[in-house]
Amino acid sequence: MNYISTRKSAARMTAGRAIIAGPAEDGGLYVPESFPKIKKTLEELAALDYKKLAYEIMSPYLSDFTPDELKSCIKKAYTGRFLDPLVAPLKEAAGAFFLELYHGRTLAFKDMALSVMPHLLKTSCEKYGGAKKIVILTATSGDTGKAALEAFADVRGVTVAVFYPQNGVSFMQKRQMETQAGGNVYVFGTAGNFDDAQAGVKRIFADEELKRRMAERGVVFSSANSINIGRLLPQVVYYFYAYSQLVRMKKIRCGNEINFSVPTGNFGNILAGYYAKCMGLPVKKLICASNINNILTDFFNTGVYDKERPFHTTISPSMDILVSSNLERLLFHTGADLIKDGAYRYNGNSEALNLFYGVHATEEETRRAIFDVFSRGYTIDPHTAVAYHAYGAYKKETGDATPAVVLATASPYKFPEDVCAAAADPAEPAAHDEAKAFEYIKKLSELSGTEIPAQLAGIESKPVRGSIACSPEQMSSAVEIMCYCIK
């Protein structure tokens with residue numbers, strides 16, 4: 001399996017080389033040249049645990065890894081790093097099935113891929129040699145940052161720089177990043193929103209002179225965002241895993257179609273569902289759930305993607321994005337010619353796009369979803385609530401009764417103020433007070449009858465390293481200074 005750029009001018013690469021590179025040198029994103037079909041039957045896949053299933057799904061994409069190399073990466077990633085023995089259990093509640101992707105070390109779905117990515121990267125570097133030092137550059141809207149810091153902390157030969165919007169993440173997301181231990185991790189709080197931070201990272205990757213200077217010091221840049229194919233591919237696994245659990249629970253039979261409702265920001269999570277469909281998973285519809293930054297809803301309804309619109313800060317901050325980088329991958333796969341004049345106008349084969357259904361939730365609808373699910377004995381975070389609302393809206397609009405899996409992408413304990421407030425009265429937004437944030441964790445535990453996750457135990461007393469403030473325009477200089485400090 002080789003990988004090519006969505007912009008078609010970069011050289012073809014093996015998987016390992018594409019993982020090291022991150023984005024392609026022509027500014028595009030690496031994609032597989034074709035989609036492999038699953039070799040085992042759905043019945044056979046349903047009998048596998050998460051690690052064995054991960055090997056079956058990922059191995060055709062990582063054909064330059066030996067079986068032992070890939071199995072070793074997977075074993076290290078999913079042994080002892082997730083509190084639930086199932087890794088990502090499926091729970092039935094409130095008329096849907098929730099795939100809990102937040103039992104890793106940072107309580108967010110990003111752990112599912114970022115637990116294995118450092119091992120894929122390290123194996124790739126050992127295989128192909130090259131740089132003595134790798135600098136991981138990552139923009140985050142809240143969850144990727146902590147997951148990347150946790151995954152790469154103290155990994156020899158790797159330094160991690162995370163850029164997050166200072167006023168665009170929850171208090172708990174910020175605290176998780178700023179208390180991360182490790183001698184090779186740096187956290188930068190940037191002015192503006194996630195799109196500004198992401199644009200700054202892309203400018204660094206495009207700065208050939210900076211990359212030349214760093215190469216002289218044996219440094220190369222890579223990424224832990226889903227713009228890196230090594231982040232995207234592991235996410236395909238849990239779509240198959242959700243299906244397998246439905247089969248084992250006798251909720252469906254092998255071969256039956258199912259729907260997925262996915263909270264969507266940078267489009268990587270739902271794109272993994274598209275990859276699963278292309279591999280042969282019986283997916284009927286991918287419900288693309290957005291908050292009031294509803295650029296993707298508009299795209300799937302009109303075929304026009306126009307980022308020139310107001311940006312909103314919401315209670316689902318990881319979805320506060322107007323530039324969804326991975327959409328470029330989908331458009332490439334569907335054969336569209338893109339007309340770029342400040343907007344994308346889709347004029348390709350619409351059959352592939354018909355797999356997607358765009359729905360967005362207002363802030364009140366998000367709080368109402370938390371309230372409704374909570375009143376039925378289950379607790380969800382604001383991002384999962386957006387997806388639950390979208391599923392309900394889709395079912396009402398279409399009458400489709402196909403079993404649906406809602407991707408639960410973060411623990412409600414990462415957003416305790418908003419969840420507690422919505423569970424009590426969805427009409428009243430939460431009053432955020434950082435001084436009381438830890439009190440709300442305890443309150444949420446009492447309200448929900450669930451234990452505070454061990455990952456947050458004692459976080460209020462952990463040393464706060466803080467973050468380095470910089471503007472998007474200063475990001476390149478900040479990274480260069482950081483690189484000169486690397487031993």
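What this report covers is the structure whose coordinates are included nearby. (Residues numbered from 1 in each chain as written. Predicted model: local features only at pLDDT ≥ 70, side-chain atom pairs only at ≥ 80, totals over all residues. Heavy atoms only, no water.)

**Observations concerning the overall build of the protein**
Our working rule: The way it works is that DSSP assigns letters per residue, a run of H or I at least four long becomes a helix, a run of E at least two long becomes a strand, and they are numbered from the N terminus. Radius of gyration: C-alpha atoms only; globule rule: 2.2 Å multiplied by the number of residues to the exponent 0.38. Throughout, a residue-residue contact means that at least one pair of heavy atoms, one from each residue, lies within 4.5 Å. Residue-level accessible areas treat just the shown protein chains as cover; the underlying method is Shrake-Rupley with a 1.4 Å probe. Under the counting rule used here, the positive set is Lys and Arg, the negative set is Asp and Glu, and His together with the chain ends is not counted. Charge positions are represented by NZ for Lys, CZ for Arg, CG for Asp and CD for Glu.
For the protein, the helix and strand inventory stands at 20 helices and 16 strands. For a compact globule of 487 residues, the expected C-alpha radius of gyration is about 23 Å, and the protein comes in at 21 Å, within 12% of that figure. Overall, the protein is about 60 × 50 × 45 Å in size when its C-alpha atoms are taken along their principal axes. Long-range pairs, those at least 24 residues apart, make up 76% of the contacts in the protein with a sequence separation of at least 6. Total accessible area on the protein is roughly 18700 Å²; 49% of this is exposed by carbon and sulfur atoms. For the protein, the distance from the average position of its 55 positive side-chain charges to the average position of its 53 negative side-chain charges is 6 Å.

**Describing the pattern of salt bridges**
What counts here: Any Lys or Arg side-chain nitrogen found within 4 Å of a carboxyl oxygen on Asp or Glu counts as a salt bridge. Here the term buried applies to any residue with accessible area under 20% of the maximum for its type, exposed to any over 50%, and partly exposed to those in between, with areas from a 1.4 Å probe on protein chains only.
This model, assessed by the stated rule, comprises 16 salt bridges. Taking the shortest distance from any N to any O, the salt bridge between E209 and R212 comes out at 2.4 Å. Separated by 3 residues within a single helix, E209 and R212 lie in helix α10 (residues 208–216), roughly one turn from each other. For E209, a relative accessible area of 39% puts it in the partly exposed group. The closest approach of N and O atoms between R212 and E216, which form a salt bridge, is 2.5 Å. A residue pair is termed a helical-turn pair when its members lie 3 or 4 positions apart in one helix, as R212 and E216 do in helix α10 at 4 residues. The class of R212 is partly exposed, set by a relative accessible area of 39%. Through salt bridges with shared partners, a single ionic network connects E209, R212, R213, E216 and E480.

**Some points on the nonpolar core**
Our working definition: As used in this record, nonpolar core signifies buried Ala, Val, Leu, Ile, Met, Phe, Trp, Tyr and Cys residues forming a set joined through side-chain atoms within 4.5 Å.
If you look at the biggest cluster of nonpolar residues, it comprises 104 residues, and the most contacted ones within it are L62, Y239, F260, F267 and V405. Residues in contact with F267, not counting those within four places in the same chain, are C288, L296, F300, S324, N326, L327, L330 and F356. Core analysis: the second largest hydrophobic core is formed by 41 residues, F98, Y391, F415 and F438 among them.

**Some details on the packing of helix α18 (residues 416–424) against helix α19 (residues 437–448)**
The test is simple: Each axis is a line fitted through C-alpha atoms, taken for helices only over the stretch in contact, and angles between the N-to-C directions span 0 to 180 degrees. Roughly parallel here means an angle under 35 degrees, roughly antiparallel means over 145, roughly perpendicular means 65 to 115, and every remaining angle is called oblique. In a left-handed crossing the near helix is turned counterclockwise from the far helix by less than a right angle, and in a right-handed crossing that turn is clockwise. Each residue is assigned to one class: nonpolar for Ala, Val, Leu, Ile, Met, Phe, Trp, Tyr, Cys and Pro, charged for Asp, Glu, Lys and Arg, and polar for all the others, Gly among them.
Where α18 contacts α19, the axes come no closer than 8 Å and their chain directions differ by 45 degrees. On the basis of their axis angle, the class for α18 and α19 is oblique. Viewed along their axes, α18 and α19 form a crossing whose handedness is left-handed. On α19, the residues touching P416, E417, V419 and C420 of α18 are A437, Y440, I441, K443, L444 and L447. Within the contact of α18 with α19, the residues separate by chemical class into 8 nonpolar, no polar and 2 charged.

**Quick word on the packing of α10 against helix α20 (residues 475–485)**
It is the contact of α10 with α20, at a shortest axis distance of 11 Å, that shows an interaxial angle of 5 degrees. The angle between α10 and α20 places the two elements in the roughly parallel class. Between α10 and α20, the contacting residues are L210, R213 and M214 on the first element and S476, E480, C483 and Y484 on the second. Here the contact of α10 with α20 is built from residues that sort into 4 nonpolar, 1 polar and 2 charged.

**Describing the environment of E351**
With respect to the helices, strands and loops of the structure, E351 is situated in helix α15 (residues 350–353). Distance in space between the C-alpha atoms of E351 and T334 is 8.5 Å, their sequence separation being 17 residues.

**Some remarks on the sheet that holds strand β15 (residues 404–408)**
Applied cut-off: Two strands qualify as a pair provided that DSSP identifies no fewer than 2 bridges between them.
Judged by pairing direction, the sheet is mixed, and its 6 strands sit side by side in the order β4-β5-β15-β10-β11-β14 without closing on themselves. Only two strands of the sheet have a single partner each, and these edge strands are β4 (90–93) and β14 (356–360). Neighbour to neighbour, the strand axes of the sheet diverge by 25 degrees on average, direction disregarded. Contacts from helix α13 (residues 295–302) reach β11 (283–290) and β14 within the one sheet, and its direction differs from that of β14 by about 135 degrees.

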